[in-house]
Amino acid sequence: DAGVTQSPTHLIKTRGQQVTLRCSPKSGHDTVSWYQQALGQGPQFIFQYYEEEERQRGNFPDRFSGHQFPNYSSELNVNALLLGDSALYLCASSLALWADTQYFGPGTRLTVL
Amino acid sequence: AQKVTQAQTEISVVEKEDVTLDCVYETRDTTYYLFWYKQPPSGELVFLIRRNSFDEQNEISGRYSWNFQKSTSSFNFTITASQVVDSAVYFCALRGSNDYKLSFGAGTTVTVRA
């Protein structure tokens, strides 16, 4: 039973560039959430997708956008990268929008120079 | 708004000692869910336990146990007979019934020395 997978593992970008991160949910899960974890801090919620729609959004600017595909996989896009966007980006999946438990992937480490 | 506070930044113990991690939460929801996750150096958040607000029964699962006290808004987590492999950052998290997101504390770094 495959868990949550994310790609790429690491990414280095320069300020002003755009980046796309990818996530495949755990088998049988249809809801995907994205979190940003800065060094030494707890994860912060970015947004959640269910039935290909953004269902809830955290306190992040419009530079952060996402998409969910019919196979439930998801992408996180960040435009006009800032140094402060350097972080570990975690994807989590759950059985349904209202499901209690979210299961996390290994994350993508983004470094913005 | 949900808020989770983990007052302990770092805990260092010798192998086989017990470790208790403190978590205090704030929420206006009458129904909510509390979690503990473990984050080893690899970075992946590993789900450990979940407790619903309407069930205050405390349980033990292997070397893990938890103490949920609704009256003091606390959800403490204990590792019994710690092992070196328990070294990680531990996060307490909260989800309200009308909320889909998890709100995390700042985490507690646990170091178990051989």
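This report concerns the structure included in the present document. Note that the coordinates shown come from a computational prediction; the quantities given were computed from them, not determined experimentally.

## What to know about the overall build of chain B
Consideration 1: In terms of helices and strands, chain B carries zero helices and twelve strands.
Consideration 2: Order of helices (α) and strands (β) in chain B, N terminus to C terminus: β-β-β-β-β-β-β-β-β-β-β-β.
Consideration 3: Its C-alpha atoms give chain B a radius of gyration of 14 Å, within 12% of the compact-globule value 13 Å for 114 residues.
Consideration 4: In terms of principal-axis extent, the alpha carbons of chain B reach across some 45 × 25 × 20 Å.
Consideration 5: Expressed as a percentage of the 114 residues in chain B, the buried residues total 48%.
Consideration 6: The long-range share in chain B, meaning contacts at least 24 apart out of those at least 6 apart in sequence, stands at 56%.
Consideration 7: Accessible area for chain B stands at about 5,500 Å²; split by element, carbon and sulfur atoms hold 47% of it.
Consideration 8: One finds the centroid of the 11 positive side-chain charges in chain B at a distance of 3 Å from the centroid of its 13 negative side-chain charges.

## Here we look at unusual backbone geometry
All names here are of chain A.
Consideration 1: Residue Pro-8 is bonded to the preceding Ser-7 through a cis peptide linkage, with omega at -10 degrees.
Consideration 2: One non-glycine residue, Glu-51, adopts positive backbone phi at about 50 degrees.
Consideration 3: Relative to the elements of secondary structure, Glu-51 occurs in the loop between β5 (44-50) and β6 (53-57).

## Observations concerning the pairing of strand β4 (residues 31-37) of chain A
Working note: regular strand, side chains alternate between the two faces of the sheet.
Residue and element names in this part refer to chain A.
Consideration 1: Of all seven residues that make up β4, seven are buried, and the element is covered over most of its length.
Consideration 2: Judged by which residues are buried, β4 turns out to be covered on both faces: Thr-31, Ser-33, Tyr-35 and Gln-37 on one side and Val-32, Trp-34 and Gln-36 on the other are all buried.
Consideration 3: Between β4 and β5, which pair antiparallel and follow one another directly, the connecting turn spans six residues, one of which, Gly-40, has a positive phi of 80 degrees.
Consideration 4: By the bridge criterion, seven bridges tie β4 to strand β9 (residues 87-94) in an arrangement that is antiparallel. Within the sheet, the bridge partner assigned to Val-32 lies in β9 and is Ser-93.

## Concerning the interface of chain A and chain B
Put simply, an interface is often sized by how much accessible area is lost when its parts join up.
Consideration 1: The interface is formed by 22 residues belonging to chain A together with 20 residues belonging to chain B.
Consideration 2: Both sides of the chain A and chain B interface together cover about 1,700 Å² of buried area, and 53% of this is carbon and sulfur.
Consideration 3: Considering only the side of chain A, the residues that lose the most area to chain B are Gln-56, Asp-100 and Phe-104 of chain A, jointly responsible for 33% of the buried surface there.
Consideration 4: Counting every contact that joins chain A to chain B gives zero salt bridges.
Consideration 5: Applying the counting criterion to the chain A and chain B interface returns seven residue pairs in polar contact (both at pLDDT 80 or more).
Consideration 6: Elements with a contribution of two residues or more to the side of chain A that touches chain B: β4, β5, β6, β9 and β10 (103-104) of chain A.
Consideration 7: Partitioned by chemical class, the residues of the side of chain A that touches chain B number eleven nonpolar, nine polar and two charged.

Each value, and the rule that gives it
Residue indices begin from 1 for each chain and proceed along its sequence in written order. Each chain gets a letter, beginning with A, and each ligand a number, beginning with 1, in the order they are written. For a predicted model such as this one, the threshold for reporting local features is a pLDDT of at least 70, and the threshold for listing and counting side-chain atom pairs is 80 or more; totals across whole chains, interfaces and linings nevertheless cover every residue. Water and hydrogen atoms play no part in the side-chain values, which are based on all heavy atoms of the structure. The secondary structure listing takes helices from DSSP runs of H or I that are at least 4 residues long and strands from runs of E that are at least 2 residues long, numbered from the N terminus. Radius of gyration here uses only the C-alpha atoms, and the compact-globule reference equals 2.2 Å multiplied by the residue count raised to the power 0.38. Buried means the residue's accessible area, taken with a 1.4 Å probe over protein chains only, is under 20% of the maximum for its type, while exposed means over 50%, and partly exposed covers the values in between. Any pair of residues with heavy atoms lying within 4.5 Å of one another is described as a contacting pair. Reported accessibility uses the Shrake-Rupley method at a 1.4 Å probe radius. Residues are deemed covered only where the shown protein chains occlude them. Think of it this way: Lys and Arg go in the positive column, Asp and Glu in the negative one, and His and the chain ends go nowhere. Positions of charges follow a simple convention, taking NZ of Lys, CZ of Arg, CG of Asp or CD of Glu. Two strands pair under a simple rule: DSSP has to find at least two bridges between them. Buried area: the accessible surface (1.4 Å probe) lost by two parts on joining, summed over both. The rule for a salt bridge is simple: a side-chain nitrogen of Lys or Arg has to be within 4 Å of a carboxyl oxygen of Asp or Glu. In protein, a polar contact means a hydrogen-donor-capable atom and an acceptor-capable atom, both N or O and within 3.5 Å, with residues adjacent in sequence counting only if both atoms are side-chain atoms; elsewhere, any N or O pair within 3.5 Å suffices. Put simply, Ala, Val, Leu, Ile, Met, Phe, Trp, Tyr, Cys and Pro go in the nonpolar bin, Asp, Glu, Lys and Arg in the charged bin, and everything else, Gly too, in the polar bin.

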